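# Overview (structure and organization)
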Amino acid sequence: MIKSLPLLEKKVLVPRGEGQAGSFSKLVERAGGIPIEIPLIAFRPLEKNERLLEAMKVLDTYDWIIFTSNVTVETFFSFYEEAGVDFPKIAVIGKRTAEVLQERELRAEFIPSAYVAEVFAEEFLPYIHSGSRVLLPKGNLAREYIASSLSSVGALVDEVVIYETYMPEESGVKLAEMLAGNQLDILTFTSPSTVDHLMKVVKEYRLEEQLRNCVIGCIGPVTEKKLHAYGLTVHASPEEYTVAEMIKSLIAYLEETGD
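Residues numbered from 1 in each chain as written. Predicted model: local features only at pLDDT ≥ 70, side-chain atom pairs only at ≥ 80, totals over all residues. Heavy atoms only, no water.

### Here we look at the nonpolar core
Keep this limit in mind: Take the buried residues of types Ala, Val, Leu, Ile, Met, Phe, Trp, Tyr and Cys, join any two whose side-chain atoms come within 4.5 Å, and each joined set is a nonpolar core. Per-residue accessibility, obtained with a 1.4 Å probe over protein chains only, is compared with the maximum for each type, and a residue is labelled buried under 20%, exposed over 50%, and partly exposed between these values. For helices the rule is a DSSP run of H or I covering at least 4 residues; for strands it is a run of E covering at least 2, with both sets numbered from the N terminus onward. Contacts were defined at the residue level, with two residues in contact if any of their heavy atoms lie within 4.5 Å.
Core analysis: the biggest nonpolar cluster contains 25 residues, and Leu 175, Leu 187, Phe 189 and Leu 198 have the highest contact counts within it. Listed by contribution, the elements that provide at least two residues to this core are α7 (169-180), β8 (186-189), α8 (192-205) and β9 (215-218). If you tally residues by element for this core, the top one is α8, at 5 residues. Contact partners of Leu 187, with chain neighbours within four places excluded, come to Leu 13, Leu 179, Leu 198, Leu 211, Cys 214, Val 215, Ile 216 and Gly 217. Residues Ile 65, Val 71, Phe 77 and Val 160 belong to the second largest nonpolar core, which totals 23 residues.

The structure is reproduced here in structure tokens:
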């Protein structure tokens, strides 16, 4: 149980939009913080995606389909029409992605022990052999690590970009105003893209100095590496790559430093 509201009155950036920020914001509120929801990242399906539609027609010819996020699941099924074609075995990255599938009465047969591409690839390779057919729907900014790792052992991987990532224009304006007024105490990042999008605003409005006053937390080594590349100090980066663990890590840091 969280003791004595450790985030009391601290304003915490929640880099997600309506529909995705709910559980994140509740965790902040339970610890006494004030969630400031500014989506640093948003997603939109590619409108005409002939490659995906063609892959769906022969879905039963794939041995595996890999979903790397709940956004990928939701976007995929916005196109998907059941036509009596058998669904391949499913591999996912992350518990939340598996839960979204369960809501559709589909079960993930493979979930890695840590929710990053490197661990996924290492632990998933034993399930793959030369000639295995794998469908990998993805976003336009997704890394190619999984596909290249599976291809290196002879798998036939079809990567299909099904959505694009962008930063809502209104988010940039709101973020600039809050940073300029020193109205954010804690910044949280859930992906490298959220870092890039925030830093684009910081550089455009010359707000580098304001960042020095913020505590920074993130999920995953790739996001942490991106923050370091911008010269930023990461104060909390948990071993388990979930929002809940990031909040716990932030609390631990604040309690240790007395901030």
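There is more to say, and it comes next.
### Comments concerning the layout of surface pockets
In this approach the atoms are scanned with a rolling probe the size of a water molecule, which exposes any empty space left behind. Our working definition: Here a cavity denotes a set of grid points, spaced 1 Å apart and computed over the protein atoms alone, in which a 1.4 Å probe fits but from which it cannot get out, and a pocket denotes an open set meeting protein on both sides within 12 Å along at least five of seven lines; residues with an atom within 4 Å of a point are reported as lining. Grid points are joined across faces, edges and corners, and a volume is the space filled by probe spheres set on the points.
When its volume is computed, the second largest pocket comes out at roughly 230 Å³. In terms of lining, the second largest pocket is formed by 15 residues, of which the most central are Leu 211, Arg 212, Gly 231, Leu 232 and Thr 233. Put simply, the parts of the chain that give the lining of the second largest pocket at least two residues each are α9 (208-211) and β9.

### With respect to the packing of helix α3 (residues 70-79) against helix α4 (residues 95-102)
Spelled out, the test is: Fitted lines through C-alpha atoms serve as axes, helices being fitted only where they are in contact, and the angles separating the N-to-C directions of these axes extend from 0 to 180 degrees. Throughout, the term roughly parallel applies to angles under 35 degrees, roughly antiparallel to angles over 145, roughly perpendicular to angles from 65 to 115, and oblique to all others. Throughout this entry, Asp, Glu, Lys and Arg are counted as charged residues, while Ala, Val, Leu, Ile, Met, Phe, Trp, Tyr, Cys and Pro are counted as nonpolar. The remaining residues, Gly among them, count as polar.
α4 packs onto α3 with a crossing angle of 30° between their chain directions and a minimal axis gap of 8 Å. The angle between α3 and α4 falls in the class roughly parallel. Side by side, α3 and α4 meet where Asn 70, Val 73, Glu 74 and Phe 77 of the first sit next to Arg 96, Thr 97, Val 100 and Leu 101 of the second. Broken down by class, the residue content of the contact of α3 with α4 amounts to 4 nonpolar, 2 polar and 2 charged.

### Re helix α2 (residues 50-57)
Here is the rule: The arc in question is traced by the directions running from the helix axis to the C-beta atoms.
Along α2, the residues that are buried comprise Leu 52, Ala 55 and Met 56. Projection of α2 onto a plane perpendicular to its axis shows the buried side chains occupying an angular sector of 100°, all on one side. In α2, the exposed positions that point more than 90 degrees away from the buried face belong to Glu 50 and Lys 57. Where the residues of α2 are buried, they touch α3, β6 (133-139) and β7 (156-166).

### Overview of the state of the cysteines
Selection criterion: Here, two cysteine sulfur atoms that lie within 2.5 Å of each other are counted as a disulfide.
Inspection of every chain in the model, using the stated rule, returns 0 disulfides. Between Cys 214, a cysteine without a disulfide, and Cys 218, which holds the nearest cysteine sulfur, the sulfur-to-sulfur distance is 15 Å.

### What to know about the pairing of β8
What counts is decided by this rule: Note on pairing: two strands pair once DSSP finds at least 2 bridges between them.
Burial of the side chains of β8 extends over both faces: Ile 186 and Thr 188 are buried on one face and Leu 187 and Phe 189 on the other. Bridge count for β8 against β9 is 4 bridges, and the pairing is parallel. What sits directly across from Leu 187, in β9, is Ile 216.

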